[in-house]
Amino acid sequence: MRHDRRAEKFRQIVENKFQIYNSLFMSLPYDKMTNIGMLLPFLCEESKAGYEAGKTPEEIVEEFFKNHTDLQTEEQKLELLFKIIQYIERQVVLFDSIEDAAFPSLHSESDKGTVTNLYERSLQDHKLEKVREKLKDFAVKIVFTAHPTQFYPNSVQRILHDLRNAITKDSVTDIDMLLQQLGKTPFVNKEKPTPIDEAMSIIYYLRYVYYDTIGELFTKIKSNFGTSHFHLHEDLIQLGFWPGGDRDGNPFVTADVTKRVAEELHSAILKAYYNNLKSVRRRLSFRGVSEVLGKLSNELYAAIFRNEKITAEDIIRRIDEAEKIVVEEHNSLFLDLLTDFRDRVKIFGTHFATLDVRQDSRIHQAVIDEVFAKTSGNTEAGYEEKFSQLIQRSETVNPEDFEDVVKDTLLTVTQISQIQQMNGTRGMNRYIISNSDAVKDVMNVYAFFKICGYRDEEINMDIVPLFETMEGLANAENVMSELYKNPVYQKHLAGRGNQQTIMLGFSDGTKDGGYLKANWEIYKAKELLTALSEKNGIKVVFFDGRGGPPARGGGKTHDFYASQGSTIANNKIELTIQGQTITSIFGNKEQAKYNFEQLLTAGVENDVFKNAKKDLTEEERALMIELSEISYQKYSDLKAHPMFVPYLQEMSTLEYYGRTNIGSRPSKRGGGNELKFEDLRAIPFVGSWAQLKQNVPGFFGFGFAMQQLKEQGRFDEVRELYKGSDFFRTLVLNSMMSMNKTYFPLTYYIKNNPKFGPFWTVLFDEYRLSKEIMLELTGFTMLQEEDALSRKSVKIREKIVLPLLSIQQYALMKIQKGEGNREAYEKLVMRSLFGNINASRNSA
């Protein structure tokens with residue numbers, strides 16, 4: 001019943017508002033865009049009816065030109081298609097803004113997964129003390145990455161922010177003006193953003209969304225669970241930061257860039273404090289207090305604009321001084337303002353967010369080899385000899401003696417201590433190693449610190465292996481077992497409080513092993529690493545590299561973490577978010593607060609409210625293994641298909657991701673012209689399937705595995721697994737979310753293609769099979785039946801972008817045939833790519 005009420009409310013405040021405000025577009029003074037609003041419904045209808053009738057995108061678009069325009073030349077037609085794309089891009093922004101503005105009305109403070117709900121439940125079940133006990137040693141950390149899945153330039157994001165506020169107030173005049181601004185604001189970056197640009201884009205969110213969001217959420221949790229005997233620790237909610245620190249596959253991230261981003265983070269938080277202090281001083285104008293806060297204001301100003309040093313402790317000392325006077329002389333009036341300000345300084349320090357360093361293990365090995373060869377003159381030594389000699393060197397290696405990536409790696413490590421002095425050790429305290437497959441991958445980073453002159457006690461950094469391929473995940477237990485026994489590493493871990501962070505890559509895991517296999521392997525790896533760490537007296541923290549869609553570890557994140565059993569360490573929930581996920585899930589205060597709460601409560605509920613459905617029985621475990629192996633074989637066969645890579649290259653937008661000016665990072669790791677599957681980045685890989693509306697990585701092999709058991713007369717076992725395991729249920733529902741965003745009629749024409757027809761049929765057959773069997777398993781009559789709001793949102797978004805998809809496929813067909821102005825058609829593909837991704841919100 002509640003879902004029905006929400007669905008009706010969605011219709012009223014989202015669907016209806018979109019219809020009303022969308023009509024404003026018709027009269028807006030867009031350059032050369034007259035009549036677009038009237039033509040667009042025709043292209044939409046031609047597309048819908050055409051695909052159902054089995055027509056090709058080329059036939060649909062050409063019929064649209066013939067039936068609804070009098071355009072004759074290719075140039076005129078191309079100009080109209082570009083204008084339609086621009087129009088739809090702005091429609092997507094309008095719908096985003098309307099949906100975001102409606103968020104508080106569609107979600108309640110006491111929804112499942114909120115702090116209020118957790119408090120009421122713990123009160124009812126007499127578990128308040130257990131919740132407080134869990135909160136003593138638990139944390140949630142969101143790590144912002146620079147991965148290119150966001151296509152809105154900063155100027156458009158600002159309009160989106162203002163438009164959302166205007167829609168909240170139903171100010172038609174403001175909405176009209178902002179839509180006019182939107183019509184004249186370019187949606188495309190003329191040049192690729194630099195890593196600094198990417199960092200500044202996310203720092204905007206830190207200052208104007210997360211500073212208040214996290215401060216207010218901390219106060220809310222404190223007011224619900226705090227007592228005179230129990231105080232929340234300030235690290236309960238943490239922020240991490242990759243732009244400017246993540247150099248894996250990105251040659252544009254250098255030591256200078258890392259230092260500059262650290263300075264920008266430092267400056268941003270001081271500016272946030274300076275502004276916060278203005279509002280505090282407006283109320284605390286009392287004698288004695290005013291003078292103390294005035295001094296603090298001057299000190300912050302000097303730190304921001306004259307680079308004078310200030311620490312979090314310095315700021316807190318001033319706040320304590322002011323508090324003493326308020327309590328003793330002014331009846332504690334407005335004391336809560338000082339308390340709130342102090343809490344924020346404790347939370348954000350002088351760093352705002354923790355800047356991570358990340359690099360690929362293969363680059364590290366090349367650096368070690370070159371440094372050893374140059375300093376010893378020995379090119380024949382084995383790894384053990386190299387490592388032993390390097391960490392025992394009495395002389396510090398000079399980065400200036402080297403070139404390129406070797407020099408930059410050494411400079412990066414050398415400057416870490418300077419960054420920690422400026423931003424505190426919370427400002428930078430870990431080094432992440434991509435593609436970790438062996439003990440040496442971790443020990444190489446330790447060696448970097450030693451050859452750069454750090455004493456053991458000065459290495460205030462966690463060394464974090466990232467296991468992301470099937471091979472890496474399978475080998476993770478052996479690698480960590482050896483590390484925990486290594487005397488050198490044991491000593492380093494002891495200095496880090498015997499806490500080890502291990503990162504697990506959902507994106508590359510799914511690309512490598514398929515959806516079900518990747519998720520199961522990560523689950524198993526977490527179980528094994530939890531047991532191993534406990535046995536060695538190590539507190540393990542899992543850091544999940546997750547993207548937006550289920551195919552990259554996204555989907556319903558709260559459900560995923562709430563479904564983890566007691567066999568997996570639950571000391572902290574830590575995950576990456578990027579691009580669209582930042583704007584669509586954490587893009588404004590209401591959404592960010594709600595989603596931070598969802599993550600926090602998922603972790604607390606896991607330990608406090610034990611649920612038998614979360615721990616797999618031996619029978620369930622055996623079934624999971626069987627299903628994952630069958631699905632893995634099916635997905636592996638697909639990858640081995642001779643048309644797999646050519647299909648993506650020739651029939652999808654894969655080749656165009658690297659040309660878009662949306663991110664500083666190249667779209668593949670390796671150099672050279674030949675495209676190899678292993679070099680493919682997960683984002684363009686998953687995103688290209690999304691552009692085709694096929695979403696293959698989110699379901700392929702899953703349905704086949706269940707069908708195999710059904711044919712053996714064992715489908716009841718799968719049903720029992722779905723009913724009995726929260727983990728399996730979450731995987732099924734997330735996979736259904738992926739399938740709900742597919743639209744195979746768009747590419748029906750490929751089934752008649754002599755080269756790719758049989759391959760397309762393999763994909764389509766698996767989609768049909770997966771959809772049918774999952775509906776049978778769940779008892780649903782439609783995909784995402786259990787989530788009416790999400791389903792309705794997807795339906796509207798898919799309708800908005802259907803003409804875009806037609807234009808994109810039309811352009812791809814022209815390119816494949818070698819017809820017309822190739823350069824113009826390639827631009828059409830890229831421009832339509834932007835709108836499709838933005839509309840999907842979590843497709844890459």
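Read on for an overview of the structure. (Residues numbered from 1 in each chain as written. Predicted model: local features only at pLDDT ≥ 70, side-chain atom pairs only at ≥ 80, totals over all residues. Heavy atoms only, no water.)

**What to know about the overall build of the protein chain**
- Looking only at helices and strands, the protein chain has 34 helices and 9 strands in total.
- For the protein chain, the spread of C-alpha atoms along the principal axes amounts to about 80 × 70 × 60 Å.
- Put simply, the protein chain has 844 residues, and 62% of those count as buried.
- Working note: accessible area of the protein chain is about 33,100 Å², and carbon and sulfur atoms make up 48% of it.
- Across the protein chain, the centroid of the 108 positively charged side chains sits 4 Å from that of the 118 negatively charged ones. (Helix = DSSP H or I, 4+ residues; strand = E, 2+ residues; numbered from the N terminus. Buried < 20%, exposed > 50% of the residue type's maximum accessible area, 1.4 Å probe, protein only. Areas by Shrake-Rupley, 256 points an atom, 1.4 Å probe, with all protein chains shown as cover. Lys, Arg positive; Asp, Glu negative; His and termini not counted. Charge placed at Lys NZ, Arg CZ, Asp CG, Glu CD.)

**So, the packing of aromatic side chains**
- Throughout the structure, instances matching the rule amount to 45 aromatic pairs.
- With a centroid separation of 5.0 Å and 45° between ring planes, the pair formed by Tyr 204 and Tyr 208 is classed as tilted. Taken together, the residues span about one helical turn, with Tyr 204 and Tyr 208 both in helix α9 (residues 195–225) at a distance of 4 residues.
- Look at Tyr 204 and you get buried, because its relative accessible area is 15%. (Phe/Tyr/Trp six-rings, centres within 6.5 Å; stacked < 30°, edge-to-face > 60°.)

**Here's the deal with the packing of helix α10 (residues 255–283) against helix α13 (residues 335–348)**
- At their nearest, the axes of α10 and α13 sit 10 Å apart, and the two run at 170° to each other. When the axis of α10 is compared with that of α13, the two are roughly antiparallel. Together, Ile 269, Tyr 273, Asn 276, Leu 277, Val 280 and Arg 283 of α10 and Leu 337, Leu 338, Phe 341, Arg 344, Val 345 and Phe 348 of α13 make up the contact between the two elements.
- Of the residues belonging to the contact of α10 with α13, the class tally is 9 nonpolar, 1 polar and 2 charged. (Axes fitted to C-alpha atoms, helices over the stretch in contact; angles between N-to-C directions. Parallel < 35°, antiparallel > 145°, perpendicular 65-115°, else oblique. Contact = heavy atoms within 4.5 Å. Nonpolar A, V, L, I, M, F, W, Y, C, P; charged D, E, K, R; others polar.)

**So, the pairing of strand β2 (residues 237–241)**
- Most of β2 sits out of view: 5 of its 5 residues are buried.
- Here 5 bridges tie strand β1 (residues 139–145) to β2, and the two strands are oriented parallel to one another. Residue pairing across strands places Val 143 opposite Gly 240, the latter belonging to β2.
- Where β2 and strand β3 (residues 354–355) come together, 2 bridges link them in parallel fashion. Directly across from Gly 240, in β3, lies its bridge partner Thr 354. (Pairing = 2+ DSSP bridges.)

**Brief notes about the pattern of salt bridges**
- Evaluation of the coordinates by the stated rule reveals 68 salt bridges.
- Where Arg 831 meets Glu 89, a salt bridge forms, and the shortest distance between an N and an O atom there is 2.7 Å. Of this pair, Arg 831 sits in helix α34 (residues 822–840) while Glu 89 sits in helix α4 (residues 74–106), and the two are 742 residues apart along the sequence.
- Residue Arg 344 pairs with Asp 340 through a salt bridge whose shortest N-O separation is 3.2 Å. With Arg 344 and Asp 340 both in helix α13, this residue pair falls 4 residues apart, about one helical turn.
- Residue classification places Asp 340 among the buried residues on the basis of a relative accessible area of 19%.
- Overlapping salt bridges, with partners in common, bring together Glu 58, Glu 62, Lys 77, Lys 814, Lys 817 and Glu 819 in one network. (Salt bridge = Lys/Arg side-chain N within 4 Å of Asp/Glu carboxyl O.)

**Things to note about the pairing of strand β6 (residues 462–467)**
- Counting buried positions along β6 gives 6 out of 6 residues, so the element sits mostly inside the fold.
- Residues Asp 462, Val 464 and Leu 466 point to one face of β6 and Ile 463, Pro 465 and Phe 467 to the other, with burial holding for every one of them.
- Here strand β5 (residues 430–434) pairs with β6 via 4 bridges, running parallel. Within the sheet, the bridge partner assigned to Arg 430 lies in β6 and is Asp 462.
- Each parallel crossover has a hand, and for β5 linked through helix α17 (residues 439–451) to β6 it is right-handed.
- One ladder, built from 2 bridges, connects β6 with strand β7 (residues 499–505); its direction is parallel. Residue pairing in the sheet places Leu 466 in a bridge with Met 503 of β7. (Right-handed = clockwise from strand over helix to strand, strands pointing away.)

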